[in-house]
Amino acid sequence: MGRKVILDVDPGIDDAIAIILACNSPEIEILGVTTVAGNVSIEKATRNALRILEYVGCSHIPVYPGISKPIYGELHTIESIHGENGLGDVGLPDPNTSPRERHAVDFLREIVASEKPGEITLVATGPLTNVATALLLDPSIARRLSSIISMGGAFGTNLYGCGNQTPRAEFNVATDPVAAKLVYQSGAELYLFGLDVTMRPDVSIKGDLYRRLGSSGSRCGELVYRMLHRFIDMFGSATIHDPIALSYVLRPHLFDFREAYVDVEICGDVTRGETVADLRDWLPPNLKKPPNAKICIDLKAKELLDFIFSRIILK
Ligand code: BDR
Ligand code: CA
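Bear in mind that the values here come from a model prediction, so they are computed numbers and not experimental data.

Asker: Just checking my understanding: could you explain the overall build of the protein chain for this structure?
Answerer: Counting its secondary structure elements, the protein chain contains 13 helices and nine strands. Principal-axis analysis of the C-alpha atoms places the extent of the protein chain at approximately 60 × 40 × 40 Å. Residues counted as buried form 58% of the 315 residues belonging to the protein chain. Long-range contacts, defined as pairs at least 24 residues apart, comprise 82% of the intrachain contacts of the protein chain with a sequence gap of at least 6. A total accessible area of about 12800 Å² is found for the protein chain, and carbon and sulfur atoms account for 52% of it. Taken together, the 32 basic and 39 acidic charged side chains of the protein chain have centroids lying 4 Å from each other.

Shown next, in the form of structure tokens:
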């Protein structure tokens, strides 16, 4: 069996693609899928996780429903982006399976405590509400996890590293900035995949690559083609933030990082949810805060897209 992974998701079109990618990747063992409110309500996110797992023939993977609103502030879902059902309004049958009764946060705490330290990688592609709450209840989770791979933030390392939800804030962090701040300060081994890399046009799906998904003859390829139609229609191309972050677990050599101290603006009038990375290389070491995260700053775009494509169309 491969590396043990937990997926914490808010499906969401690109979360759904990340689930497909994970299920089509024999090098990892998915211990469970936990859901969180973000792109859509917790009910829709949970139903969508079950639907996608069933579609890819992985309905044996347990789904644990998580927290239904941010730690502080209101939830603003974005059906305007992901469609009324959260999956680009692609009609998928209601799931035959049900979510587990255990809460996502309890599952996270119990599974991390029961496995050897360093065994589990947590991939979080939604707001960090579940993760922060689990860490508050049991701070030892931070060092027992191998790492937390988080899609979220925008770190100002290039022109794509500004906001999407607001001019300064990326959606997952903007939805629950307090949670992001708690996770960033938890001491966990953190790999952050922000808009700096996920918004790059050379890792978006469009044109021939998009059409090839539709004609691939694969069930997953066809589903992804249909879900992404909404993005292609709205933006002319489809950004796939969450599968990019997940791919780090599968193909780490395709990514470059820099260490930095990262914090989150939680009360700014205009900048709430902004992720502030201290990139001042010129600062004398005695004035620098020690880094708390590795920020992804570059990736091998063509290899990565080819890899994601090949995994999607595997089944
Ligand atoms: C993130 O926000 C969500 O809409 C996507 O699923 C992704 O996780 C990108 O900002
Ligand atoms: Ca997401």
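Asker: Mind showing me how you'd approach the coordination of the calcium ion (ligand 2) here?
Answerer: For a metal with four tetrahedral donors the ideal donor-metal-donor angle is 109.5 degrees, whereas six octahedral donors ideally subtend 90 or 180 degrees. Here the calcium ion (ligand 2) is held by the protein donor atoms Asp10 (OD), Asp15 (OD), Asp15 (OD), Thr125 (O) and Asp242 (OD), which lie 2.2 to 2.6 Å from it. Along the chain, the residues that donate to the calcium ion (ligand 2) are spaced as D-x4-D-x109-T-x116-D. In this pair, Asp15 sits in helix H1 (residues 13-23) while Asp242 sits in helix H12 (residues 241-250), placing the two residues 227 residues apart along the sequence. Residue Asp15 shares its accessibility class with Asp242, and that shared class is buried.

Asker: Honestly, the pairing of strand E1 (residues 3-9) in this entry has me stumped. Any pointers?
Answerer: Moving residue by residue along a regular strand, the side chains alternate between the two faces of the sheet. Burial runs high along E1: six of the seven residues are buried. Pairing of E1 with strand E2 (residues 28-35), which is carried by seven bridges, proceeds in the parallel orientation. Paired with Ile6 across the two strands is Gly32, which belongs to E2. Crossover E1 to E2 through H1 is right-handed.

Asker: What is the right way to look at the environment of Leu209 in this model?
Answerer: For Leu209, the position within the fold is in helix H10 (residues 207-214). Leu209 gets classed as buried once you look at its relative accessible area, which sits at 14%. Contact partners of Leu209, with chain neighbours within four places excluded, come to Leu305 and Phe309.

Asker: For this particular structure, what's the right way to read the pairing of strand E5 (residues 147-151)?
Answerer: Counting buried positions over the five residues of E5 gives five, a clear majority of the element. Residue alternation in E5 divides its side chains into two sets, Ser147, Ile149 and Met151 and Ile148 and Ser150, and both sets are buried. Relative to E5, strand E4 (residues 120-124) runs parallel, the two being bridged by four bridges. Bridging across to E5, Leu122 finds its partner in Ile148. Judged from the four bridges that link them, E5 and strand E6 (residues 190-193) form a sheet pairing that is parallel. Following the sheet pairing, Ile149 is matched in E6 by Tyr191.

Asker: I'm lost on the packing of aromatic side chains in this one. Help?
Answerer: The relative placement of two aromatic rings is captured by the distance of their centres and the angle of their planes. Tallying each qualifying case throughout the model produces 10 aromatic pairs. The ring centre of Phe309 lies 4.7 Å from the NZ or CZ of Arg212, which sits over that ring. For the cation-ring pair, Arg219 lies above Tyr55, with the distance from its terminal atom to the ring centre recorded as 4.0 Å.

Asker: Can you help me understand the pattern of salt bridges in this one?
Answerer: Proximity of charged atoms lets side chains of opposite charge pair with each other. Under the definition given, this model contains 19 salt bridges. Put simply, Lys4, Glu115 and Glu119 are held in one network by salt bridges that share partners.

Asker: What is the right way to read the environment of Thr121 from this model?
Answerer: For Thr121, the position within the fold is in strand E4. For Thr121, a relative accessible area of 0% translates into the label buried. C-alpha separation for the pair Thr121 and Ala260, spaced 139 residues apart in sequence, amounts to 21 Å. When near neighbours in sequence (up to four residues on either side) are disregarded, Thr121 contacts Arg3, Lys4, Val5, Ile6, Ser146, Ser147, Ile149 and Val249. One polar contact links Thr121 to Arg3, side chain to side chain, over a distance of 3.0 Å.

Parameters and conventions
Residues numbered from 1 in each chain as written. Chains lettered and ligands numbered in written order. Predicted model: local features only at pLDDT ≥ 70, side-chain atom pairs only at ≥ 80, totals over all residues. Heavy atoms only, no water. Helix = DSSP H or I, 4+ residues; strand = E, 2+ residues; numbered from the N terminus. Buried < 20%, exposed > 50% of the residue type's maximum accessible area, 1.4 Å probe, protein only. Contact = heavy atoms within 4.5 Å. Areas by Shrake-Rupley, 256 points an atom, 1.4 Å probe, with all protein chains shown as cover. Lys, Arg positive; Asp, Glu negative; His and termini not counted. Charge placed at Lys NZ, Arg CZ, Asp CG, Glu CD. Donors = N, O, S within 2.8 Å, 3.2 Å for Na, K, Ca; no water. Pairing = 2+ DSSP bridges. Right-handed = clockwise from strand over helix to strand, strands pointing away. Phe/Tyr/Trp six-rings, centres within 6.5 Å; stacked < 30°, edge-to-face > 60°. Lys NZ or Arg CZ within 6 Å of the ring centre and 35° of its normal. Salt bridge = Lys/Arg side-chain N within 4 Å of Asp/Glu carboxyl O. Polar contact = N/O pair within 3.5 Å; in protein donor to acceptor, adjacent residues only side chain to side chain.

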